[in-house]
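Coordinates in review
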Amino acid sequence: MADAKKKGMMMEFWTEESENWYLDSCRFLNYPEIPLGEYFEKAIRPEDTVFDLGCAYGITSLYLAKKCSKVYALDFSPRAVGWLEKHIKENDIDNIVPVCGRFPSADIPVCDVTVILYVNKLIHSLDQAKAVLAATGREGFLLVNHADETGSIHDLALNQLGMKGSNYVCRNGCYVVGLFEALGAKCDCHVIEHDYGQPVDSIEEAARFLRSMLRFGEDMLPQLQTVAQAIITEREGRLYLPNNRRSCLIHFVK
Ligand SMILES: C[S@@+](CC[C@H](N)C(=O)[O-])C[C@H]1O[C@@H](n2cnc3c(N)ncnc32)[C@H](O)[C@@H]1O
């Protein structure tokens, strides 16, 4: 695996199960309009080109394509980019360019606006911050996990199990702001609180979802069914695992 990474080969990020959960929750919760529509509305102009970096299935690309002239949608997951290619073909969408590749080596023209939503581990150094600014014509958005995880699905589930701590990690938004500012960009930060939970069809499925989020082994499934029973709610006629998530939205302007 380490060798494959060194050679720049594509590591698959998604599975059939995570794809179904992700697409279902985006549809159900109207992501990304909620919670980001108001921020995009103020920044993105009809004549703009937009770079959706780490676009996954292009859900944000599909949303932004209606508000700008062209979207370049980049992800290193062949599975996700393949889904987007098929979707835009079937729906005659002609202003999204899906690209399967890895940032920063992928060949993408400089776009007016860069959008990077929940692409963990993307910026850890001045050079990586420089690469993001170099790819950006005017301004951009970076959305990362906030340090406070209270109310998140990890927090709720681990509390039920009587466990402390979790694998939910603050993604160093403040550090990235420091890097951007050191490179001359202006940043404004917003704490975004939204329910980014998961609709499911059964308690068994809820337990499988929790296992995947918490990165537990299969042996935890019976316990996770009990946890799921305790935290599950109903929303718009479906079983629903709430996830009150706090994120940092960094808006940077060159
Ligand atoms: C958690 S998903 C976020 C998807 C989407 N942006 C959203 O807001 O729902 C992160 C995505 O980033 C992609 N990714 C991570 N690092 C990348 C890189 N260096 N270049 C291209 N894609 C990357 C992964 O394949 C994955 O699809």
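It should be emphasised that the depicted structure is a prediction, and the values quoted were computed from it without experimental measurement. (Residues numbered from 1 in each chain as written. Predicted model: local features only at pLDDT ≥ 70, side-chain atom pairs only at ≥ 80, totals over all residues.)

Let's talk about the nonpolar core
Quick reminder of the rule: Residues enter a nonpolar core if they are buried, belong to Ala, Val, Leu, Ile, Met, Phe, Trp, Tyr or Cys, and are joined to the set through C-beta atoms within 7 Å. Between the buried cut of 20 or more and the exposed cut of 12 or fewer other C-beta atoms within 10 Å of a residue's own C-beta lies the partly exposed class, and all C-beta atoms are placed from the backbone. Comment: elements are numbered from the N terminus, with helices defined as DSSP H or I runs of at least four residues and strands as E runs of at least two.
Core analysis: the largest hydrophobic core is formed by 41 residues, its most contacted members being Val50, Phe51, Val71, Ala73, Val115, Leu142 and Val176. It is strand 4 (residues 111–117) that contributes the most residues to this core, five residues altogether. Ranked by size, the runner-up nonpolar core spans 18 residues in total, among them Leu156, Leu158, Phe209 and Met213.

So, helix 9 (residues 203–214)
Our working definition: Helix span, expected: 1.5 Å multiplied by one less than the number of residues in the helix.
Relative to the 16 Å expected for twelve residues at 1.5 Å per residue, helix 9 spans 16 Å between its end C-alpha atoms, a close match to the ideal helical length. Of the residues flanking the end of helix 9, it is Arg215, one or two places downstream, whose phi is positive at about 55°.

Some thoughts on the environment of Ile108
How we decide: Throughout, a pair of residues is in contact if the C-beta atoms placed from their backbones lie within 7 Å.
Relative to the elements of secondary structure, Ile108 occurs in the loop between strand 3 (96–100) and strand 4. The spacing of Ile108 and Val97 is eleven residues in sequence and 9.7 Å in space, taken between C-alpha atoms. If we skip the residues at most four places from it in the chain, Ile108 touches Phe51, Tyr72, Leu74, Val99 and Ala135.

Here we look at the site of the ligand
Counted only if it meets this: Residues are counted as near a molecule or strand when the C-beta atom, derived from backbone positions, lies within 6 Å of that molecule or strand. In the scheme used here, Gly and all other residues not listed as nonpolar or charged are polar, with Ala, Val, Leu, Ile, Met, Phe, Trp, Tyr, Cys and Pro taken as nonpolar and Asp, Glu, Lys and Arg as charged.
Residues in close proximity to the ligand total 16 residues, the closest being Phe13, Gly54, Ala56, Phe103 and Leu117. A class-by-class count of the residues in the shell around the ligand yields eleven nonpolar, three polar and two charged.

Notes on the pairing of strand 10 (residues 244–253)
Where a strand is regular, its side chains alternate between the two sheet faces. Spelled out, the test is: In this analysis, strands are considered paired if DSSP registers two or more bridges between them.
Here strand 5 (residues 136–145) pairs with strand 10 via seven bridges, running antiparallel. Among the inter-strand pairings, Leu143 is bridged to a residue of strand 10, identified as Leu249. The pairing of strand 6 (residues 186–195) with strand 10 spans ten bridges and is antiparallel. Directly across from Glu193, in strand 10, lies its bridge partner Arg246.

A closer look at unusual backbone geometry
A cis amide bond links Tyr31 to the next residue, Pro32, at an omega of 10°. With an omega of 10°, the peptide bond between Phe103 and Pro104 qualifies as cis. Mapped onto the secondary structure, Pro104 falls in the loop between strand 3 and strand 4. Within the chain, Asn30 stands out as a residue other than glycine whose phi angle is a positive 55°. Mapped onto the fold, Asn30 is located in the loop between helix 2 (16–29) and helix 3 (33–43). With a phi angle near 45°, Glu236 is a residue other than glycine that sits in the positive phi range. You can see Glu236 is positioned in the loop between strand 8 (233–235) and strand 9 (238–241).

Thoughts on the pairing of strand 9
One ladder, built from three bridges, connects strand 7 (residues 198–200) with strand 9; its direction is antiparallel. Looking at the pairing, Val200 lines up with Leu239 of strand 9. Examined bridge by bridge, strand 8 and strand 9 share three bridges and lie antiparallel to one another. In the strand pairing of strand 9, Thr233 is matched with Tyr240. Adjacent in sequence and paired antiparallel, strand 8 and strand 9 are bridged by two residues, among which Glu236 carries a positive phi angle near 45°.

Here we look at the sheet that holds strand 8
Put simply, the rule reads: Here an angle of 0 to 180 degrees is reported between the N-to-C directions of two axes, which are lines fitted to C-alpha atoms, with helices fitted over the stretch in contact.
The antiparallel open sheet is built from three strands, whose spatial order is 7-9-8. Of all strands in the sheet, those bounded by a partner on one side alone are strand 7 and strand 8. Ignoring strand direction, the axes of neighbouring strands in this sheet form an average angle of 50°. Packing against the sheet, helix 9 makes contact with strand 7 and strand 9, and its axis sits at approximately 145° to strand 7.

Some points on the sheet that holds strand 3
The strand order across the open sheet formed by seven strands is 3-2-1-4-5-10-6, and the pairing between neighbours is mixed. Looking along the sheet, the strands with just one partner apiece sit at the ends: strand 3 and strand 6. Averaged over neighbouring strand pairs, the angle between their axes works out to 15° when direction is ignored. Together, strand 4, strand 5, strand 6 and strand 10 form the strand contacts of helix 3, whose direction differs from that of strand 6 by roughly 150°. Helix 5 (residues 78–90) contacts strand 2 (70–75) and strand 3 of the sheet and is inclined by roughly 155° relative to strand 3.

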